[in-house]
Number of protein chains: 2
Amino acid sequence: MTRRSLLALLLGLPLSAQAQQGEVVRAQGTSFRLTTFASGLERPWGAAVLPDGRLLVTERPGRLRLLSADGAVSPPLAGVPSVEAARQGGLLDVALAPDFATTREVFLCHAMLVQGGALTRLTRARLAENSRGLEEVRPVLDATPPQSSGRLHYGCRIAFGRDGHLFLSTGDRYETKERAQRLDDLAGKVLRLTRDGRVPADNPFVGRVAPEARGQGLARPEIWSYGHRNPQGLALNPWTGSLWAAEFGARGGDEVNLIRPGANYGWPLVSHGVDYDGSRIGTGRQTAPGVTEPLFHWTPSVSPSGIAFYDGAAFPSWRGSLFLAALNPPGLVRLSTEGDRVTGEERLLFDRGIRMRHVVVAPDGALLVLTDEARGRILRLSPG
Amino acid sequence: MTRRSLLALLLGLPLSAQAQQGEVVRAQGTSFRLTTFASGLERPWGAAVLPDGRLLVTERPGRLRLLSADGAVSPPLAGVPSVEAARQGGLLDVALAPDFATTREVFLCHAMLVQGGALTRLTRARLAENSRGLEEVRPVLDATPPQSSGRLHYGCRIAFGRDGHLFLSTGDRYETKERAQRLDDLAGKVLRLTRDGRVPADNPFVGRVAPEARGQGLARPEIWSYGHRNPQGLALNPWTGSLWAAEFGARGGDEVNLIRPGANYGWPLVSHGVDYDGSRIGTGRQTAPGVTEPLFHWTPSVSPSGIAFYDGAAFPSWRGSLFLAALNPPGLVRLSTEGDRVTGEERLLFDRGIRMRHVVVAPDGALLVLTDEARGRILRLSPG
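Note that the structure is predicted; figures quoted are calculated from it, not measured.

> Residues and numbers for the nonpolar core, please.
Most often, soluble globular proteins have nonpolar side chains that are buried together. Ranked by internal contacts, the top residues of the largest apolar core, which has 34 residues, are Val256 and Leu324 of chain A together with Val256 and Leu324 of chain B. With residues up to four places along the chain from it excluded, the contact list for Val256 of chain B reads Trp244, Ala245, Ala246, Pro294, Leu295, Phe296, Trp298, Leu322, Leu324 and Leu335 of chain B.

Written out as structure tokens, the structure reads:
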């Protein structure tokens, strides 16, 4: 009996032969074996692959776990900060510092209750040598101001640029979507920080005044781009070095954006979608002067959450693709890309009814897909 | 009683108040009124808007009709060539010569039985002054060689370039898909001819040898591009002047292509789809050296037939879009474009189960959609 099946037995989890053996799914240009890599995770949201092949995985209610290379799930790690877990909040993303191999530093993004309400917080910590907990846990950034009402649209995905700087996406907090256009406000933005949490001197709004503040207030220097609604996908294109982001529209108007410094992505002035009740967003137009158009947009929605570029060796025909975990309709979207362009779309596993939250590439080139389920799983797509 | 409802009464056609009044459909960024512009057409396939607002429409079994600006359907026009109407054949596209206003010349593309089998034929004719028939009907080009087996994949869409030259798409004839790669063969190509049917001197294969013929045979000089499967969509981008084409893949791998002179679009060496039985196409790869990648591809298929760029005034938010009539799943696809790029997708009317064959823009900016039905209709999308 493997450690994994023993653990499954102890936890009383179903672990059928089918899940072990998997099934072969034919896709275009390739086929893959679909297996359950891990189960027993409550709404897994973020994941980071360690240099030794293990996987750090967040559970939205506030737990962080380490998965062995064969999918065995550890007990919750100690030292994880308390998070605000209502509605769309919780412990959301996890990312390794670029120098993790020597520093063991990790970054967490999560919802947090502070004086005045809830906000998106970035936290830095060190993974203990025994890997059983976090040490030196320190908040790095709060996407202020906090918001008293609602617990929605935190954004919260982390990525690193080639220069080692950190990008963090934040949501518009839903009820107050106009925050996305304010330069004196960190909601509805992509932020950029140095590896140790300072503001890089070449950030686009350093020393600039926020127009909304009528010349009284400075723009927040952490802002890299603005006008975002709820970006939960953020990844560096490994071939071009560009930052790509995915965000949910309301009804229709989901977007993939090429993130440029200082650019305005238009929310909530313009959108390719409409509001949930069918009413217009902002001006009712899809574009406006000074607004950067998406690289790609969908109507109706696919609700893209986490994204990953595929540069693995296991699926040669998938190299150059961007994968997006889709919540609704649920499935896995593969976009073909050429440079910083989208050139095609394949929809995988849309017949399963499994809401997908995030996708990461394993060291062996397999794809690992986190499912948004109370009894969540990590699915594995490997050659077969 | 209007002429149209009188005609409908005489023809015994259903013409409900609902079809007259239509319904208002909410789309993203706009809403539109959906009405039945015309009915009683058997599998309409191609359409051309006359300068006076009337519409020439082909019916696949071999009829050509003229529709008044309010949708009244004429009796079949006289003088239409006999066509081979089995399976996917028939009278397919119709296009006006660029100087139609003075010459009254039209071009027809249709399937034809000749010695040795069936092929795609381009025919030129003059619309009689009384508009009741065709005169001076002359074949212009046969996409030789004819094929004895099968009656599939004729391609057959006509478009004109800014220089007045004519483009014609031809299909691979299905059973013999390798023909698409042969330069001594007109199947599976986009062809280019002068307005009067000659070969332009600057066509890319003029005077070149066809490699397949082992140095013995010349390439067909009519060829503009090759490696196409079954392109039924062909339209000039009005903003860039580029030629765009849409073609069906087999299972998955439908494509929108930017047509460049001399370029190879890969069929059947490579495809983003697989064959109907799930087996690989050609090398099983999606790309190959020397093969031009599609601008956009879909998996699963939408089965795009006719296409039209929208430059009308009625729907400002649709300007810059490419519409594609989709057969399966049936509906209308709107692609956002920027220059010669695809930047987004909206799916309209996919809840109706109506196979759509072609789409054209009416002079007033309404969209007219030909339905692929035995009792076919032309649907009208107008502001509402």
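> Quick rundown of the pattern of salt bridges? Include the residues and the values.
Taken as a whole, this structure holds 60 salt bridges over all chains when the rule is applied. Residue Glu129 of chain A is joined to Arg104 of chain A by a salt bridge in which the shortest nitrogen-to-oxygen separation is 4.0 Å. Separated by 25 residues along the polypeptide, Glu129 of chain A in the loop between β8 (117–127) and β9 (134–142) and Arg104 of chain A in the loop between α3 (100–103) and β7 (105–114) bring together distant segments of the chain. Residue classification places Arg104 of chain A among the buried residues on the basis of a relative accessible area of 14%. The partner of Glu59 of chain B in a salt bridge is Arg63 of chain B, and the shortest N-O contact between them spans 3.0 Å. By relative accessible area, which is 1% here, Glu59 of chain B ends up buried. Members of the salt-bridge network, linked through shared partners, are Asp99, Glu105, Arg124, Arg138 and Arg195 of chain A.

> Pulling in residues and values, what's your account of the interface of chain B and chain A?
Taken together, the contacts link 31 residues of chain B with 31 residues of chain A. Contact with chain A buries area across many residues of chain B, yet Gln28, Gln286 and Thr299 of chain B alone supply 23% of it, more than any other trio. Here chain B is connected to chain A by zero salt bridges. Linking chain B with chain A are 12 residue pairs in polar contact (both at pLDDT 80 or more), by the criterion used here. The element that contributes the greatest number of residues to the side of chain B that touches chain A is strand β21 (residues 341–348) of chain B, accounting for seven residues. Residues belonging to the side of chain B that touches chain A are distributed by class as follows: eight nonpolar, 14 polar and nine charged.

> For the pairing of strand β22 (residues 356–361) of chain B, give the residues involved together with the corresponding values.
Residue and element names in this part refer to chain B. Counted residue by residue, β22 has six buried out of six residues, so it is predominantly covered. One ladder, built from five bridges, connects β22 with strand β23 (residues 367–371); its direction is antiparallel. Bridge assignment links Val361 to a residue of β23, and that residue is Leu367. From the end of β22 to the start of β23, which pair antiparallel, there are five residues, and Gly365 there has a positive phi angle of about 90°.

> How would you sum up the sheet that holds strand β17 (residues 296–299) of chain A? Please name residues and give values.
Strand order in the open sheet formed by eight strands is β14(A)-β15(A)-β16(A)-β17(A)-β21(B)-β20(B)-β19(B)-β18(B), and the pairing between neighbours is mixed. Lying at the two open borders of the sheet, with one neighbouring strand each, are β14 (231–236) of chain A together with β18 (304–310) of chain B. Between one strand and the next, the sheet's axes are offset by a mean angle of 15°, whatever the strand orientation. Pairing between strand β15 (residues 243–247) of chain A and strand β16 (residues 254–259) of chain A: five bridges, direction antiparallel. Bridging across to β16 of chain A, Leu243 of chain A finds its partner in Ile259 of chain A.

> Any chance you could break down unusual backbone geometry for me, citing the residues and the numbers?
Residues and elements named next belong to chain A. Cis peptide bonds are those with omega within 30 degrees of zero, and the linkage from Trp267 to Pro268 qualifies with -5°. Among the secondary structure elements, Pro268 is positioned in the loop between β16 and β17. Of note, the phi angle at Ser303 is positive, near 60°, even though the residue is not glycine. Its location among the elements puts Ser303 in the loop between β17 and β18 (304–310). Residue Ser303 is classed as buried on the basis of its relative accessible area of 14%.

> Before we move on, can you summarise the sheet that holds β8 of chain A with the specific residues and values?
Remark on secondary structure: sheet strands pair via backbone hydrogen bonds, oriented parallel or antiparallel. Residues and elements named next belong to chain A. What the four strands build is an open sheet, ordered β6-β7-β8-β9; its pairing is antiparallel. The open sheet has two edge strands with one neighbour each: β6 (91–96) and β9. Within this sheet the neighbouring strands show an average axis-to-axis angle of 30°, counted without direction. Relative to β9, β8 runs antiparallel, the two sharing six bridges. Residue pairing across strands places Arg121 opposite Asp142, the latter belonging to β9.

> So what's going on with the relation of the copies chain B and chain A? Which residues, and what values?
In screw terms, the move from chain B to chain A is a rotation of 180° and a rise of 0.0 Å along the axis, fitting with an RMSD of 0.0 Å. Such values leave the two copies arranged in the relation of a two-fold axis. Comparing interface residues between copies, 100% of those in chain B also sit at the interface in chain A, which points to an isologous, same-surface contact.

> Tell me about the environment of Phe315 of chain B, and please be specific about residues and values.
Residue and element names in this part refer to chain B. In this structure, Phe315 sits in the loop between β18 and β19 (321–327). What makes Phe315 buried here is its relative accessible area of 1%. Put simply, Phe315 and Arg87 are 228 residues apart on the chain and 37 Å apart in space, counted from C-alpha to C-alpha. Excluding residues that lie within four positions of it along the chain, Phe315 makes contacts with Thr30, Ser31, Phe32, Tyr310, Gly365, Leu381, Ser382 and Pro383.

> So what about the state of the cysteines? Which residues, and what values?
All names here are of chain A. Scanning the entire structure with this criterion turns up two disulfides over all chains. Paired through a disulfide, Cys109 and Cys156 show a sulfur-sulfur distance of 1.9 Å. Residues Cys109 and Cys156 are joined through a disulfide that is left-handed, its torsion about the S-S bond being -95°. Of this pair, Cys109 sits in strand β7 while Cys156 is found in strand β10 (residues 155–160), placing the two residues 47 residues apart along the sequence. By the burial criterion, Cys109 is buried, and Cys156 matches it.

> Lay out the packing of aromatic side chains with the relevant residues and their values.
For the structure shown, the criterion picks out 25 aromatic pairs over all chains. Centre to centre, the rings of Trp318 of chain A and Phe323 of chain A are 5.1 Å apart; their planes meet at 65°, and the pair counts as edge-to-face. In this structure, Trp318 of chain A and Phe323 of chain A share a single accessibility class: buried. Taken together through their ring pairs, the aromatic side chains of Phe32, Tyr310, Phe315, Trp318 and Phe323 of chain A make up a single cluster. Of note, Arg347 of chain B hangs over the ring of Phe350 of chain B, and the distance from its end group to the ring centre comes to 5.5 Å.

> I'd like to hear about the confidence of the model for chain A, residue by residue, with values.
Residues of chain A with pLDDT of at least 70 account for 94%, and the chain-wide mean is 92. Contacts of residues 4–18 of chain A to residues separated by more than four positions or lying in other chains number 24 contacts, the stretch itself having pLDDT below 50.

The rules we used
- Residues numbered from 1 in each chain as written.
- Chains lettered and ligands numbered in written order.
- Predicted model: local features only at pLDDT ≥ 70, side-chain atom pairs only at ≥ 80, totals over all residues.
- Heavy atoms only, no water.
- Core = buried A, V, L, I, M, F, W, Y, C linked by side-chain atoms within 4.5 Å.
- Buried < 20%, exposed > 50% of the residue type's maximum accessible area, 1.4 Å probe, protein only.
- Contact = heavy atoms within 4.5 Å.
- Salt bridge = Lys/Arg side-chain N within 4 Å of Asp/Glu carboxyl O.
- Helix = DSSP H or I, 4+ residues; strand = E, 2+ residues; numbered from the N terminus.
- Buried area = accessible area lost by both parts, 1.4 Å probe.
- Polar contact = N/O pair within 3.5 Å; in protein donor to acceptor, adjacent residues only side chain to side chain.
- Nonpolar A, V, L, I, M, F, W, Y, C, P; charged D, E, K, R; others polar.
- Pairing = 2+ DSSP bridges.
- Axes fitted to C-alpha atoms, helices over the stretch in contact; angles between N-to-C directions.
- Least-squares fit on C-alpha atoms with pLDDT ≥ 70 in both.
- Disulfide = S-S within 2.5 Å.
- Phe/Tyr/Trp six-rings, centres within 6.5 Å; stacked < 30°, edge-to-face > 60°.
- Lys NZ or Arg CZ within 6 Å of the ring centre and 35° of its normal.
- pLDDT = per-residue confidence, 0-100.

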